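# Analysis of the macromolecular model
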Amino acid sequence: MKLVFTLAAACAPFAVSSAVTIDKRTDPAGNFNLWGQIGSSKVYVYEEDGLAYLTTTAVNATPLSFNGTAILAPSGAALHIVPTSGTYEQMGFSTEITGNEVTETFLWYGKLLMWENTSTGWLDDLFWAKATDTPGQYELLWNSDFITQDAGAVGLKWSQ
């Protein structure tokens, strides 16, 4: 009986602390940059002609904002993906939805950008970077089927 009492007393602090809910979602407030890591280089998301790119030059980063489900550029255009099976397309920024583009259900796991597939309930992080002909510049792709074609996965995080 004494052993049980001692064990229960020893576990009591953990029982209290385990009841605390930890919020894994951390939404950015105000403008922020999205960035990732390619090798040893930090890369930043920027918009050019409606397309999403990554650059190693921080001053070229497009300041973004978050409205709770969409990521917006200063122009009001929303970051979009095409999550259809078989797609391996460059992401972009749109003011109008055409075809299978999706601009909503983005969320954060800590500071890591995820997209919630409302059909499956899964959280996806299928961002990929593909080098362009310009040194330090990459196309930002959504890779639904993990096609590798000269590209690699990149996690995107926010910072202010």
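All values derive from a computational prediction rather than experimental measurement.

### Some words on the environment of Thr 84
The topology assignment puts Thr 84 in the loop between β6 (78-80) and β7 (88-90). For Thr 84 and Val 102, which are 18 residues apart along the polypeptide, the C-alpha to C-alpha distance reads 9.8 Å. Excluding its chain neighbours within four sequence positions, the residues that come into contact with Thr 84 are Asn 100 and Ser 144.

### Re the pairing of strand β10 (residues 112-116)
Sheet analysis places strand β9 (residues 106-109) next to β10, joined by 4 bridges and oriented antiparallel. Within the sheet, the bridge partner assigned to Tyr 109 lies in β10 and is Leu 112. Connecting β9 to the next strand, β10, in antiparallel fashion are 2 residues, including Gly 110 with a positive phi near 70°. Bridge analysis of β10 against strand β11 (residues 123-124) gives 2 bridges, and the strand direction is antiparallel. Paired with Trp 115 across the bridge in β11 is Asp 124. Hairpin remark: β10 followed by β11, antiparallel, with 6 residues in the connecting loop; positive phi at Gly 121, about 80°.

### Re the environment of Thr 55
Its location among the elements puts Thr 55 in strand β3 (residues 51-55). Given a relative accessible area of 7%, Thr 55 falls into the buried group. Not counting chain neighbours up to four residues away, the residues in contact with Thr 55 comprise Lys 42, Val 43, Tyr 44, Tyr 46, Asn 60 and Gly 136. A polar contact is formed between the side chain of Thr 55 and the backbone nitrogen of Thr 57, at a distance of 3.1 Å.

### As for the packing of aromatic side chains
To describe a pair of aromatic rings, one takes the distance between the centres and the angle between the planes. The final tally for this structure, using the stated rule, is 5 aromatic pairs. Centroid distance Phe 32 to Trp 108: 5.7 Å. Interplanar angle 90°. Geometry classified as edge-to-face. Residue Phe 32 is located in the loop between α1 (2-18) and β1 (33-38), and its partner Trp 108 is located in strand β9; the two are separated by 76 residues in the primary sequence. A single burial state applies to Phe 32 and to Trp 108, both of which are buried. Both rings, one in Phe 127 and one in Trp 142, keep their centres 5.2 Å apart while their planes meet at 75°; by these two values the pair is edge-to-face. On the criterion of sequence distance, the pair formed by Phe 127 in strand β12 (residues 127-131) and Trp 142 in strand β13 (residues 137-143) is long-range, its members being 15 residues apart. For the pair Phe 127 and Trp 142, one class covers both residues: buried.

What counts, and at which threshold
- Residues numbered from 1 in each chain as written.
- Predicted model: local features only at pLDDT ≥ 70, side-chain atom pairs only at ≥ 80, totals over all residues.
- Heavy atoms only, no water.
- Helix = DSSP H or I, 4+ residues; strand = E, 2+ residues; numbered from the N terminus.
- Contact = heavy atoms within 4.5 Å.
- Pairing = 2+ DSSP bridges.
- Buried < 20%, exposed > 50% of the residue type's maximum accessible area, 1.4 Å probe, protein only.
- Polar contact = N/O pair within 3.5 Å; in protein donor to acceptor, adjacent residues only side chain to side chain.
- Phe/Tyr/Trp six-rings, centres within 6.5 Å; stacked < 30°, edge-to-face > 60°.

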